[in-house]
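If you want the building blocks of each chain, they are given just below.
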Amino acid sequence: MTVPSITACNDFVVKFANVNGSGSASANELFSKSILRMGVPVSPRNIFPSNIQGLPTWYEVRVTEAGWLGRRGGRVELMVAMNPQTWDADVADIVPGGYLFYDSTKPLPASKFRDDITLVGMPLTAICNATYADPRQRQLFKNIMYVGALSQMLGIEAEVIEQLIGEQYRSKEKLLTANREALHLGRDHAREQIGEVMGLRVRRADNVGNRIFVDGNSAAALGCVYGGATVCAWYPITPSSSCAEAFERYCAKLRKDENGRSRYAVVQAEDEIASIGMVVGAGWNGARAFTTTSGPGISLMSEFIGLAYFAEIPVTLIDVQRGGPSTGMPTRTQQSDVLLCAYASHGDTKHVLLLPEDPRECFEFAATALDLADRLQTPVFVLTDLDIGMNQRLCGPFAWDDARRLDRGKVMSAEDLEAGRDFGRYLDVDGDGIAYRTYPGTHPARGSYFTRGTSKDAYARYSERGADYIDNMERLLRKFDTAKDLVPQPVLERALQPTRLGVIFFGSTSPAMAEARGLLDAQGIHLDTLRLRAFPFPQMVDDFIAGHDVVFVVEQNRDAQMKSLLVNEIGTDPAKLVSVLHYDGTPITARFIVASISGSAPVPVHCASTQEQVA
């Protein structure tokens, strides 16, 4: 069967199939960044196992001058097959007319190929064996060599990659020279031995602008520095560990006094329970403190979360969500901790959730969470996920204001106490549900109180009187209601024409939803969209649902957790909310959203291609 080879410029998907631990990650990232430096937006995703080295790993790069940052889904135009274990599945992923780049050192039978794709073989292992004596060098430089070959065939400028290599090894001249040599070995071979066989091209553009390329975990860590955090206690867990590690790196640069002394504490605790205990203690003592974890960690932290809620202690938790339940899929993405975090701990609890869509909002919301935790004197969760947290993504630059002042909320000073102000630790004097607190040691004789996880009266005195308990619990509800106006507000976008159809979405579904909206518009399915950015839900959410006949709720979990939260908190008719659920561990795609909505929307649909599901 003869299928014409695909030709495309600045609009295709490249997928690298490698072996975990082979050193391919930095080479694949080099490939992505080189395209980005040519002004063409990319959206890469690292797909890796939760086990030790030797198992399959993939790195998927969507090249899109149009700027779509969601995963495209479906099959790929160019497969770089470097793992014999996954060969058959990788070859099957290539779209007809696509390209297979592979190591041709060892001849393979014809049955291992397809006749509807273009084969691009290069004897990478043979070249490396002839060039390098050290086995590790052979493996590492093979990765750089295939980047060089691909750059030649795709039209990526050598100078761009050389500059990136120079930045990476600026203080290691020997490695810099060796990597550049491997790069040109690959480029020279592709030019002299392979030629012009690739119909895919990268052409210099100007569509990146002033956007930056960063992962959400690093962004959230920097946001914690910006937000005034001085204490981080954590226990390693995928996919959140790099957030705490990044915080420590940033603090080493930014949390030193004029004498070079550290003004921060980062503690790797013995487990999640210990880590949240340390954060609660630091928050009680007046420090801005946070922990970073994932769903299993939140489960273990629940009792301390309840203590912080009932004793009203500022705590910030960054939950980088992954697939569950139990160990689940540690290296896959989901939005499956929504209900766990909203009602964490036993008894009647409600917690503030912030829902960033990209690394920029990870930065902003981490700082905001620390402010809100102090202002509301309560645990505040920042819910990201693996897709945002561990993958680099284009986003707007961070806004850093040196004049920013920390919002410490209602704190009674020594002067206030000396002047005779009435201090009741759980006394609501303003009607907003938020009481005044004092820091330990504020005054030698006044302002002290017993911090209780048990029931108490407004002056923190132990009490099991039903009236005192009810008064306290209702005050906590007033405080939660106050939070509605303090949290980041939803983002509303109206359709091109009036419509009775709406969509609610949040977090990492945002890039796919932006692309899906344009595709649905082209079909005549017009939707108003509302991106949730926090819980509790502001009044705008209630009004949005009330103003539409059907509202689709797009989320990445099995049990429609955000829909359940909307029904529970707003009291809307569940039949009015139509779930769009994606939970296989891969990021949701525009194709999936379009197929789901066009199949459910109460309007005629004429485009059969929208029924295509994600492969």
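Our subject is the structure that appears above.
In this text the structure is predicted, and so the values were computed from the model without any measurement. (Residues numbered from 1 in each chain as written. Predicted model: local features only at pLDDT ≥ 70, side-chain atom pairs only at ≥ 80, totals over all residues. Heavy atoms only, no water.)

### Looking at the packing of aromatic side chains
In total, this model carries 15 aromatic pairs according to the counting rule given. Ring centres of F247 and F290 lie 4.8 Å apart, and the angle between their planes is 85 degrees; on these two criteria the pair is classed as edge-to-face. Remark: F290 occurs in strand β12 (residues 289-293) and F247 occurs in helix α8 (residues 241-254); sequence separation between them is 43 residues. Across the pair, F290 and F247 agree in class, each one buried. Grouping aromatic residues by their ring pairs yields a cluster made of F16, F31, Y59 and Y146. (Phe/Tyr/Trp six-rings, centres within 6.5 Å; stacked < 30°, edge-to-face > 60°. Helix = DSSP H or I, 4+ residues; strand = E, 2+ residues; numbered from the N terminus. Buried < 20%, exposed > 50% of the residue type's maximum accessible area, 1.4 Å probe, protein only.)

### Details of the sheet that holds strand β6 (residues 94-103)
In space, the 6 strands of this open sheet follow the order β3-β4-β2-β5-β6-β7, with mixed pairing throughout. Each end of this open sheet is capped by a strand with a single partner; those strands are β3 (42-47) and β7 (118-122). Taking each pair of neighbouring strands and ignoring which way they run, the sheet shows an average axis angle of 15 degrees. Here β3 runs beside strand β4 (residues 56-64); their pairing, made up of 6 bridges, is antiparallel. Bridge pairing in β4 places R45 opposite E60. Strands in contact with helix α4 (residues 135-154) are β2 (11-19), β5 (76-81), β6 and β7; relative to β6, the strand with the most contacts, it is inclined by about 135 degrees. (Pairing = 2+ DSSP bridges. Axes fitted to C-alpha atoms, helices over the stretch in contact; angles between N-to-C directions. Contact = heavy atoms within 4.5 Å.)

### A short note on the side chain of S463
Note on placement: S463 falls in the loop between α14 (414-418) and α15 (466-483). There is a polar contact of 2.6 Å between the side chain of S463 and the side chain of D468. Residues contacting S463, with those up to four places away along its chain left out, are S455, K456, D457 and D468. (Polar contact = N/O pair within 3.5 Å; in protein donor to acceptor, adjacent residues only side chain to side chain.)

### Quick look at the nonpolar core
Residues F247, L354, L532, M562 and L566 are the most contacted members of the largest nonpolar core, which totals 80 residues. When residues in this core are grouped by element, the largest group, 10 residues, is from helix α12 (residues 359-376). Not counting residues within four places of it along the chain, the set of residues in contact with L532 comprises L355, I504, F505, F506, F537, V541 and M562. F12, V42, L183 and V208 belong to the second-largest nonpolar core, a separate cluster that totals 56 residues. (Core = buried A, V, L, I, M, F, W, Y, C linked by side-chain atoms within 4.5 Å.)

### Overview of the pattern of salt bridges
Evaluated as defined, the whole model comprises 41 salt bridges. For the salt bridge of D188 with R191, the shortest nitrogen-to-oxygen distance reads 2.8 Å. Here the residue D188 and the residue R191 both occupy positions in helix α6 (residues 173-194), the gap between them amounting to 3 residues, near one helical turn. On the accessibility criterion, R191 (42% relative accessible area) is partly exposed. Members of the salt-bridge network, linked through shared partners, are R288, D371, D374, R404, R408 and R437. (Salt bridge = Lys/Arg side-chain N within 4 Å of Asp/Glu carboxyl O.)

### Notes on unusual backbone geometry
Following T238, the chain continues into P239 via a peptide bond in cis, with omega recorded as 5 degrees. The topology assignment puts P239 in the loop between β10 (231-234) and α8. Here the residue pair F535 and P536 is connected by a cis peptide bond, since its omega of 15 degrees sits within 30 degrees of zero. Topologically, P536 is positioned in the loop between β20 (534-535) and α17 (539-546).

### Things to note about the packing of helix α16 (residues 510-522) against helix α19 (residues 590-600)
Helix packing geometry: the angle between the two helix axes and the distance between the axes. The interhelical angle for the contact between α16 and α19, taken along N-to-C directions, is 50 degrees, at an axis separation of 8 Å. With respect to α19, the axis of α16 lies oblique. The way α16 lies across α19 gives a crossing that is right-handed. Only A590, I593, V594, I597 and S598 of α19 make contact with α16, whose side of the interface consists of A512, M513, E515, A516, L519 and L520. For the contact of α16 with α19, the residue count by class is 9 nonpolar, 1 polar and 1 charged. (Parallel < 35°, antiparallel > 145°, perpendicular 65-115°, else oblique. Left-handed = near helix turned anticlockwise from the far one by under 90°. Nonpolar A, V, L, I, M, F, W, Y, C, P; charged D, E, K, R; others polar.)

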